[in-house]
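Tertiary structure, described
This is what each chain is made of:
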Amino acid sequence: MTFDENFVENLNKNLKKRPFFEFYDYIQRFLPLLKDSIRNQRMQPVEHAKIEMSTREIIDVVLLFYKDFDKELYNKLNDTLMENSFVYKTDSPTRSHLSKNFFDEHKDELEGKSTIFQYSEPTQDGGVNAVGVISFDEKNYREINLNPRNNIDSLVVIAHEFAHALAQRVQEFKVMKADAACEIESLFIEHVVVDCFKNIGILTEINYKNSLTQQKNNYLSCAYSILDENKIAQHLKYPVTKNSLENFEKKFQDRPDYEKVMDIVRHLAEPRADFEGMRKFRYVVGGVVATELYKDFKKDKENTVKKYKEFLNKNAELTLEEAAQFLLGNNYIKRIQSACVSGLNKNL
């Protein structure tokens, strides 16, 4: 691989902006548990059953789930989707978040609205499914962007996104105190909705097993991304130089993961580099806490739902440690350690 001065400059610029090395220094204490949680496990192929449903029909099924789960959350979700909401159906799936052009084109229709709900009909590949907060002309909007695939997993995906819509950061336009905690609410709901749909016959036994495998694959994929980027963080230092990159390549050239690692290095120097490991850390943390919380739900649904609702109302103000302690109790560290050591995904 050739490392010219332009490559080195772009790589350093991206590594500083993120900040890459500081993040991986911070998570070193978590890595032994992460490795424990995935040991002896491999991703498995999944083929989700096709469905003949419109996006609105998928949404209606998911809303019925929330209505059964908790009527207060259902009412809040229904209000978020419909009250003071600009609903916009696109002709084809969107591949990115809302752009400036969108706001320019719909400026009059957005007057007085607090939610932008954009969706498309299901397709084989789908598009972006995301819920968050977006600002334009000094005004905040809730952004709900649904572009499902035409398979049964879309029911789980939309249930996941709707949990985000109920969280404090979206409801109150608040910045998360700990970004790593922002997937807990949705990964917990994934466990609940999959079991619910199995129990009422929406998911066959095969579909149910595929959904559990999908959850496991998602977790493993995130864990692999973190561990791969960590290899780079542990063998390079900032600022990176042409010489240090060449030495780095020599260390890996005889290893089986050489091509994969060098592809990541190449990607990190691109103008719109996606630092996958850093981004996916929230899914790993959320997966561990959510799995433990779901164990509580199966033992005591009423009190767990009550705690979950309290969490949704204040989770933007909590650190990662505070979020885990609130949901799992004062022994949260031992619970997380035990779950990882026993092999987290064996419990899914």
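Residues numbered from 1 in each chain as written. Predicted model: local features only at pLDDT ≥ 70, side-chain atom pairs only at ≥ 80, totals over all residues. Heavy atoms only, no water.

Right, let's talk about the overall build of the protein chain for a bit. Helices and strands together make up the secondary structure of the protein chain, namely 16 helices and 4 strands. Along the first, second and third principal axes, the C-alpha set of the protein chain runs to 60 × 50 × 40 Å. For the protein chain, with 348 residues in total, the buried portion stands at 52%. By element, 47% of the accessible surface of the protein chain is carried by carbon and sulfur atoms, the whole surface being about 17500 Å². For the protein chain, the distance from the average site of its 50 positive side-chain charges to the average site of its 54 negative ones is 5 Å. (Helix = DSSP H or I, 4+ residues; strand = E, 2+ residues; numbered from the N terminus. Buried < 20%, exposed > 50% of the residue type's maximum accessible area, 1.4 Å probe, protein only. Areas by Shrake-Rupley, 256 points an atom, 1.4 Å probe, with all protein chains shown as cover. Lys, Arg positive; Asp, Glu negative; His and termini not counted. Charge placed at Lys NZ, Arg CZ, Asp CG, Glu CD.)

Right, let's talk about the nonpolar core for a bit. Counting 104 residues, the largest nonpolar core has Phe20, Tyr66, Phe69, Phe162 and Phe188 as the members making the most contacts within it. Beyond its immediate sequence surroundings of up to four residues, Phe162 is in contact with Ile59, Val62, Leu63, Tyr66, Leu77, Leu81 and Leu146. By size, the runner-up hydrophobic cluster in this structure holds 9 residues, among which are Leu98, Phe102, Phe103 and Ile116. (Core = buried A, V, L, I, M, F, W, Y, C linked by side-chain atoms within 4.5 Å. Contact = heavy atoms within 4.5 Å.)

Attention shifts here to the packing of helix α5 (residues 71-82) against helix α14 (residues 301-314). In the contact formed by α5 and α14, the axes pass within 11 Å of each other and the chain directions differ by 30°. Contact residues: α5 offers Glu72, Leu73 and Lys76, while α14 offers Tyr308, Lys309, Leu312 and Asn313. Taken together, the residues of the contact of α5 with α14 break down into 3 nonpolar, 1 polar and 3 charged. (Axes fitted to C-alpha atoms, helices over the stretch in contact; angles between N-to-C directions. Nonpolar A, V, L, I, M, F, W, Y, C, P; charged D, E, K, R; others polar.)

The amide bond that connects Arg18 to the next residue, Pro19, takes the cis arrangement and shows omega of -15°. Within the secondary structure, Pro19 is located in the loop between α1 (5-17) and α2 (20-26). Along the chain, Tyr238 connects to Pro239 via a cis peptide bond; the corresponding omega equals 0°. Mapped onto the secondary structure, Pro239 falls in the loop between α10 (205-235) and α11 (242-252). In this structure, Asp137 takes a positive phi of about 50° despite not being glycine. On the basis of relative accessible area, Asp137 is assigned to the exposed category, the value being 60%. For Glu138, which is not a glycine, the phi torsion comes out positive at approximately 65°.

Glancing now at the pattern of salt bridges. As enumerated under the stated definition, the model contains 19 salt bridges in all. One salt bridge in this structure joins Lys231 and Asp228, with 3.4 Å as the shortest N-O distance. Of the two residues, Lys231 and Asp228 both sit in helix α10, 3 residues apart, roughly one turn of that helix. What makes Lys231 partly exposed here is its relative accessible area of 23%. Owing to a relative accessible area of 8%, Asp228 belongs among the buried residues under this scheme. Glu292 is paired through a salt bridge with Lys295; the nearest N and O atoms lie 2.6 Å apart. With Glu292 and Lys295 both in helix α13 (residues 276-299), this residue pair falls 3 residues apart, about one helical turn. Each of the salt bridges in this network shares a partner with another, and the network as a whole consists of Asp228, Lys231, Arg255, Asp257 and Lys260. (Salt bridge = Lys/Arg side-chain N within 4 Å of Asp/Glu carboxyl O.)

Next up on the list: the sheet that holds strand β4 (residues 139-146). The strand order across the open sheet formed by 4 strands is β1-β2-β4-β3, and the pairing between neighbours is mixed. Among the strands making up the open sheet, the edge pair consists of β1 (85-89) and β3 (130-136). On average, adjacent strands in this sheet sit at an angle of 25° to one another, irrespective of strand direction. The pairing of β3 with β4 spans 7 bridges and is antiparallel. Looking at β4, one finds that Phe136 is bridged to Lys139. Docked against the sheet, helix α4 (residues 55-69) engages β1, β2 (115-119) and β4, running at close to 120° with respect to β2. Docked against the sheet, α5 engages β1, β2 and β4, running at close to 70° with respect to β1. (Pairing = 2+ DSSP bridges.)

Honestly, it's all geometry; don't read function into it.
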